[in-house]
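Spelled out, the chains give:
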Amino acid sequence: MKRVIIVEDEDILRDLLKRKLENNGYEVEIALEGEEGLRKIKEQKPDLVLLDIVMPKMDGFTVMEEIRKDEEISDIPIIIVSNSGQPVEIDRAQDLGVKDWIIKTNFDPMEVVEMVNRFFDTEDGKEYQRAEDK
Amino acid sequence: MNTERETSEEGGLEHFCATNKNFCGHMRNTACLLPIAFCKVDPSGRIECCSKMFKETLGYRESELLGLPILSLFKKKRKAKEFLRVLSESEGVIDDMLTLETKPEGEVSFDVSARSIYNEEGVSAGYLLTLKRKGSGDDFEREVRKRVREETAETEKEKERVKELEEVLEIRVNARTRELKEIAQLLEKKARKRMEKLEEKTREVEKKAKMEEESRVALLNLAEDLEEASKKAEEEKDKTLAIVNNFTDGLLFFNRYKELALINPQGKKIFNIEEDEVLYKKPSELKEVNERFTILMNAIEGEMKKVFRKEMSFIDEVFLEVTSVVVENEGKEMGVLVIIHDITREKKVEKLKTEFVSLAAHQLRTPLAGIKWSLGTIIEEKQVFNLDKEVMEIIERAFEANERMVVLVNDLLNVTRIEEGKYVYEPKDVDVKEIVDIALEEYKDLIESRGLGFRLEMPEETLPKIKADMEEISLVVNNFFDNALKYTKEGEVVLKVESVECGKCLKVTVSDTGVGIPEEQQESMFNKFFRAENVQLMDTDGSGLGLFISKNIIEAHGGEIGFESGEGEGSSFFFTIPTVKEGANITPNE
């Protein structure tokens, strides 16, 4: 079973997403903000991280930078699930090696789940089509 | 012999003698001029003095006569003596006829008259003697008369001759006079003509003088005007100079020869130089002046033939907008004006705005996402939740409303980014068929589920690719379809793709049979937040931003956007995009 960690400070979204993913056969861990998220990522080394950007204590970008620094976790795939979407930010995220970036208001939970499925389907070298390109 | 004659004559002479002491003096002075031949003889019998006539009658010179014994003059001395003796005894005048010797050789008879004269004491002072030619009186008279007659005759002859001459003269004179008159007339005519000419010339001269005066006045006026114009020009120059010097932007002017001819105080400040370091240098030289000029010249050097605008920055966080304008005067290029506008503050504001928008987006979207996912989950899993139909309807409506809110927030964010000029996108070679496919997938079923027809018109052959950002172009197509759906209650929606302008562009059209756009609303269609009046009352809504965003996207791709519509007749919205071969060099909207 694939393990997914959701790092998201907004309750509703976090809980809904967790529920959805678990219903679709994923093992889900949650973190309420960046610091906790980073810790759990280091501890558990998940198969995928769904990461928000705007969070208290430590934001998503800092988390990504920290992940990059740590060899043991540097190649864990990350998908940004955020509400901002400024090109500047997206570029920055891409430079840090994220797999994808979705804007929460443009996708409902089911779509997010489908996206996660698709991701794992293509993990083995198949071409991954970015969600926003669809 | 005659004896005394008592005449007035005698009395007169006596008186004369008596009263005149110096007789001879008088004789000499006056009496000698009398036309009487007389003389005075002194008591000794010698001639004391005589008249001119006496001399001439006898033909003697005065020197010969004076002192001469009077007797020597007489021819017959005895007679003469007798005469003299009688004379000495008489008191009055005695006359006799005697012969005297005249010069030249000759003897002439004279009537001689004499009278003794006495001085105051009664002593004898000699005697006066006169001579008269014998019968000469009558002869004389006759002679005179003869002479007069002769003279008169002569005179008459002369008169005749004169008269003749006069007549001839008169004729001649008349003729001459006529000639002269004619000549005079001619001359007068000539003179008149000359006068006229002269008058004419005078008038001309006067006219010329007047014209010259007017010219002079005009010149003076002109001079005044020129002076005024010159003053105004000077004022303008001063004004311009004042403006240039106080202008808050940096101004540089490159002349025809690409030399830097002017740099204003603000310009000097921006580039941190003094005038003499840069004036009249050419671009290549200016590059060497300092780092800032290097940056400037690199930015503008190649572009100095046209109008352009660029941004550049110096190392120390100063952002400048450089605008270059070619200055022309009547078709001739005078030079290039470069304006340096400090936009550091604007950049800061832009940055702040971007940050704000980011934040706002996130903040707005977070609750919206929450609502979306919550309601969405219920709807998705309605079987699981098994709620009342009525409740589900309420939830579904809430979900739809929230979706609209999401769209609105997205639009607002897009607009903000467009306005900042930072609507960055990635143009790639795109096959329009892909865009069509995506659109079909999204909208075909939706359109048909609303009871409308759908048609696709696209040529069979492969169309050339377009240079486009797929995401953005899809946005535009979606916007067209959204509008078509919103405003069409019955009929059909048609998607048409064609190649236009000989393959230079592709044209994509979405047509509907909906409410259409009233003519007076048409020109505002692409304005921000504009919604036509005829749809505002419908049970639809829209942010009024869709077309505004679409227009910006298409124009940034170097294409054109437009529509055809009539109220109640439906609408056709289209856009064109340059194809890869010809229209490849689009300039992104920076």
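Coordinates for the structure precede this section.
This write-up is about the structure you can find in this document. (Residues numbered from 1 in each chain as written. Chains lettered and ligands numbered in written order. Predicted model: local features only at pLDDT ≥ 70, side-chain atom pairs only at ≥ 80, totals over all residues. Heavy atoms only, no water.)

### As for the interface of chain B and chain A
Facing 20 residues of chain B, the contacting portion of chain A comprises 27 residues. Both faces considered, chain B and chain A share a buried interface measuring about 2,200 Å² in area, 57% of it formed by carbon and sulfur atoms. Counting every contact that joins chain B to chain A gives three salt bridges. Among the salt bridges present, the one from arginine 19 of chain A reaches glutamate 381 of chain B, with a minimum N-O distance of 2.8 Å. (Contact = heavy atoms within 4.5 Å. Buried area = accessible area lost by both parts, 1.4 Å probe. Salt bridge = Lys/Arg side-chain N within 4 Å of Asp/Glu carboxyl O.)

### Some points on the packing of helix H15 (residues 470-487) of chain B against helix H17 (residues 546-556) of chain B
In a pair of packed helices, the angle between the axes and the distance between the axes together describe the arrangement. Residues and elements named next belong to chain B. Taken N-terminus to C-terminus, the directions of H15 and H17 make an angle of 145°; their axes are 9 Å apart at the nearest point. Note on packing geometry: the crossing formed by H15 with H17 is left-handed. Across from Glu472, Ile473, Leu475, Val476, Asn479, Phe480 and Asn483 in H15, the residues of H17 making contact are Gly546, Leu547, Ser550, Ile553 and Ile554. A per-class count over the contact of H15 with H17 returns seven nonpolar, four polar and one charged. (Axes fitted to C-alpha atoms, helices over the stretch in contact; angles between N-to-C directions. Helix = DSSP H or I, 4+ residues; strand = E, 2+ residues; numbered from the N terminus. Left-handed = near helix turned anticlockwise from the far one by under 90°. Nonpolar A, V, L, I, M, F, W, Y, C, P; charged D, E, K, R; others polar.)

### Examining the pairing of strand S14 (residues 492-500) of chain B
It is a general feature of regular strands that their side chains alternate between the two faces of the sheet. Residues and elements named next belong to chain B. Here strand S12 (residues 453-457) pairs with S14 via five bridges, running parallel. Residue pairing for S14: arginine 455 is matched across the bridge by valine 494. In the sheet, S14 pairs with strand S15 (residues 505-512) via eight bridges, with the strands oriented antiparallel. Its bridge partner lying in S15, leucine 495 is registered against valine 510. (Pairing = 2+ DSSP bridges.)

### Quick word on the sheet that holds strand S5 (residues 100-103) of chain A
Residue and element names in this part refer to chain A. Spatial strand order, S2-S1-S3-S4-S5: five strands in an open sheet with parallel pairing. The two strands at the open ends of the sheet, each matched to only one other strand, are strand S2 (27-31) and S5. Here the average twist between neighbouring strands, direction ignored, is 20°. Alignment of strand S4 (residues 78-82) against S5, held across four bridges, turns out to be parallel. Bridge assignment links isoleucine 80 to a residue of S5, and that residue is tryptophan 101. Helix H1 (residues 11-23) rests against strand S1 (3-7), S2 and strand S3 (48-51) of the sheet, and its axis sits at about 165° to S2.

### Thoughts on a positive patch on the surface
On the surface, a cluster of positive charge is contributed by Lys189, Lys190, Lys193, Arg194, Lys197 and Lys201 of chain B. Relative to the helices and strands, lysine 189 of chain B resides in helix H6 (residues 136-246). (Patch = residues over 30% accessible without salt bridge, like charges linked within 9 Å, V, L, I, M, F, W, Y side chains within 5 Å. Areas by Shrake-Rupley, 256 points an atom, 1.4 Å probe, with all protein chains shown as cover. Lys, Arg positive; Asp, Glu negative; His and termini not counted. Charge placed at Lys NZ, Arg CZ, Asp CG, Glu CD.)

### A word on the nonpolar core
All names here are of chain B. Judged by nonpolar contacts, the single largest core of 44 residues is most densely connected at Ile447, Ile473, Phe480, Phe481, Met525 and Phe575. Listed by contribution, the elements that provide at least two residues to this core are helix H14 (432-449), strand S13 (466-468), H15, S14, S15, H17, strand S16 (560-565) and strand S17 (571-578). By residue number, the principal contributor to this core is H15, which donates eight residues. Setting aside residues up to four positions removed in sequence, isoleucine 473 forms contacts with Ile435, Ala468, Ile553, Ile554, His557, Phe575 and Ile577. The next biggest cluster of nonpolar side chains, apart from the first, holds 26 residues, and it includes Val41, Ile70, Leu98 and Val112. (Core = buried A, V, L, I, M, F, W, Y, C linked by side-chain atoms within 4.5 Å. Buried < 20%, exposed > 50% of the residue type's maximum accessible area, 1.4 Å probe, protein only.)

### A closer look at the pattern of salt bridges
All chains considered together, the criterion is met by 39 salt bridges over all chains. Measuring nitrogen to oxygen at the nearest pair gives 3.0 Å for the salt bridge that ties glutamate 492 of chain B to arginine 455 of chain B. Here glutamate 492 of chain B, found in strand S14, pairs with arginine 455 of chain B, found in strand S12; they are 37 residues apart in sequence, far enough to count as distant. Through salt bridges with shared partners, one network takes in Arg19 and Lys20 of chain A together with Glu380 and Glu381 of chain B.

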